[in-house]
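Structure at a glance
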Amino acid sequence: GRARRLLLSQLFQPLNLQAGGEAGWEGRPGEPTCRSQRLMLQAPGCYCYLPPTVRAMEKLVRVMDEEMQAVGGQKLNLPSLSSAELWRASGRWDRMGPELFRLADRHGKEYCLAPTHEEVVTELVASQSNLSYRQLPLRLYQITRKFRDEPKPRFGLLRSREFYMKDMYSFDVSEEAARQTYSLVCDAYCSFFNRLGLPFVKVQAATGSIGGTMSHEFQLPADVGEDRLLLCPAGHFAANVETVNGEQTSCPTCGEKLTQTKGIEVGHTFYLGTKYSSVSNAVFFSPENKLQLAEMGCYGLGVSRILAASIEVLSTEDSIRWPSLIVPYQLCFIPPKKGSKEEEEGAALMERLYDDLTEALPHLSGDSVLDDRTQLTIGKRLKDANRLGYPYVVVAGKRVREDPPVFEVWDQNAGGILFLTKEGVIELLSKVRVP
């Protein structure tokens, strides 16, 4: 049987879209807003993730899974509720201060909602009492909700109290091996951002409350970014301002004057050494059958933040532009307006094109939407499609009455219109890739 058509009128998403200046939502008095926040609030959903945003998140997670598994990552799921005892042992129960969401159960035992999972995963590995060097390296990761009591949540998903994160924790036999893992994961992060087509920079960073002796951030340059970055124009040097001497104005490698820009942090890597393994006694048996502490690293990607940051840096003021790999739907079909000269022929031709395309290109069957709101003009539906960021929009306009019928295809990323037969539409869309 044919795939069921997705009708836009039945999708749980906003249908009465307004241009950015007309949205009527300006946030609470004095609260700053940004482009991605405005666009997400008026379109796919921001705090409650509506189905289009969930689709984009799931695609983003699939790309992350591919990159993490390519470097030997094994996926697990750690509890959000974390015992205060573990955090006290590492010293972070007090050091994290009010950023930890803390609670007590009915017996008075204290917990926190974990903003990160170094303590928990290290305790888990430490519980494997007969761990051998032959089982290392271990590269364990999860993609889950995290919680942090931000003093100033702002910009929607760019800085929120509840967020999705991909966090990986590595366990190696030596410092040399741990540094190799660190380099490998950093390369995977570069591959990930390149696949998304995002203009990232990797910068030296402070280790902060996570700790360790080496740290890098992955930043998307943007005016609303909260981090200040120093960059060498020739690419020899990049650092967060907080890590450098305040007097440093030139590149230590080539002497070029450093430029300053703002960035949104979307990834962070840390070389931890034995900071956590020594607390939990996460050990393994060496080739000499001696117990030895595992050398660790940890690596985070902000899933929900990447989603918002990508919209921030790629979109126009009133229209969402997604990285092509994670766009919720690749394709929108717009049949003629009800009562128009093209209605009878065009509606049937459009439904046939939808069915033939999803049969010829089954990977697009779940990525195609038919805008059946035929009481609206084609122009109104085209505006909505542009704001929601479909990469391709196929319109049954006046030329569907020609022999053979010709469809308008709006290529939103290229900013052009093509006039194609059914076969031409299918050939064009055969190049579209979904994760």
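Residues numbered from 1 in each chain as written. Predicted model: local features only at pLDDT ≥ 70, side-chain atom pairs only at ≥ 80, totals over all residues. Heavy atoms only, no water.

If a residue is not glycine, its phi is most likely negative; likewise, a peptide bond is most likely trans. In this structure, the amide linkage connecting Leu136 to the following residue, Pro137, adopts the cis form with an omega of 5 degrees. Summarising the element assignment, Pro137 is placed in the loop between helix 5 (118-126) and strand 5 (138-147). The residue after Asp403, namely Pro404, is reached through a cis peptide bond having omega 0 degrees. Note that Pro404 resides in the loop between strand 17 (392-395) and strand 18 (407-411). (Helix = DSSP H or I, 4+ residues; strand = E, 2+ residues; numbered from the N terminus.)

Within a pair of aromatic rings, the relevant descriptors are the distance that separates the centres and the angle that separates the planes. Inspection of every chain in the model, using the stated rule, returns eight aromatic pairs. Geometrically, the ring pair formed by Phe333 and Tyr354 is tilted, given 5.0 Å between the ring centres and 45 degrees between the ring planes. Taken together, the residues span a long stretch of sequence, with Phe333 in strand 15 (residues 331-334) and Tyr354 in helix 9 (residues 343-360) at a distance of 21 residues. Of the two residues, Phe333 and Tyr354, both sit in the buried class. An aromatic cluster of at least three residues, connected via ring pairs, comprises Tyr189, Phe192, Phe193, Phe200 and Phe218. Above the ring of Trp93, the side-chain terminus of Arg102 is found at 4.6 Å from the ring centroid. A cation over a ring is seen here: Lys275 above Tyr276, with NZ or CZ 5.3 Å from the ring centre. (Phe/Tyr/Trp six-rings, centres within 6.5 Å; stacked < 30°, edge-to-face > 60°. Buried < 20%, exposed > 50% of the residue type's maximum accessible area, 1.4 Å probe, protein only. Lys NZ or Arg CZ within 6 Å of the ring centre and 35° of its normal.)

Turning our attention to the packing of helix 2 (residues 51-70) against helix 6 (residues 175-196). Each pair of packed helices can be described by the angle between their axes along with the distance between the axes. Running from N to C, helix 2 and helix 6 point in directions that differ by 145 degrees, and their axes come no closer than 10 Å. The way helix 2 lies across helix 6 gives a crossing that is right-handed. Along its contact with helix 2, which presents Leu60, Val63, Met64, Glu66, Glu67 and Met68, the element helix 6 presents Ala188, Tyr189, Ser191, Phe192, Arg195 and Leu196. Residue composition of the contact of helix 2 with helix 6, by class: eight nonpolar, one polar and three charged. (Axes fitted to C-alpha atoms, helices over the stretch in contact; angles between N-to-C directions. Left-handed = near helix turned anticlockwise from the far one by under 90°. Contact = heavy atoms within 4.5 Å. Nonpolar A, V, L, I, M, F, W, Y, C, P; charged D, E, K, R; others polar.)

Spatially, the three strands line up as an open sheet ordered 2-4-3, and their pairing is antiparallel. What marks the edges here is a single partner per strand, and that holds for strand 2 (81-83) and strand 3 (101-104). Each strand of the sheet is rotated relative to its neighbour by a mean of 40 degrees, with strand direction disregarded. Pairing of strand 3 with strand 4 (residues 110-113), which is carried by four bridges, proceeds in the antiparallel orientation. (Pairing = 2+ DSSP bridges.)

Time to look at the pairing of strand 19 (residues 416-420). Two strands pair when backbone bridges link them, and strand 18 and strand 19 are joined in this way by five bridges, in the antiparallel orientation. From the neighbouring strand, Phe407 faces strand 19, where its bridge partner is Leu420.

Moving on to the pattern of salt bridges. Following the criterion strictly, the structure yields 25 salt bridges and no others. Among the salt bridges present, the one from Arg179 reaches Glu175, with a minimum N-O distance of 2.9 Å. Residue Arg179 and its partner Glu175 are located together in helix 6, separated by four residues, close to a single helical turn. On the accessibility criterion, Arg179 (34% relative accessible area) is partly exposed. Taking the relative accessible area as the measure of exposure, Glu175 reaches 41% and is therefore partly exposed. A salt bridge links Asp371 to Arg373; the nearest nitrogen and oxygen atoms lie 2.9 Å apart. On the accessibility criterion, Asp371 (1% relative accessible area) is buried. In this structure Arg373 comes out as buried when scored by relative accessible area, which is 7%. Linked by salt bridges that have partners in common, Arg148, Glu150, Arg154, Arg159 and Glu226 make up one network. (Salt bridge = Lys/Arg side-chain N within 4 Å of Asp/Glu carboxyl O.)

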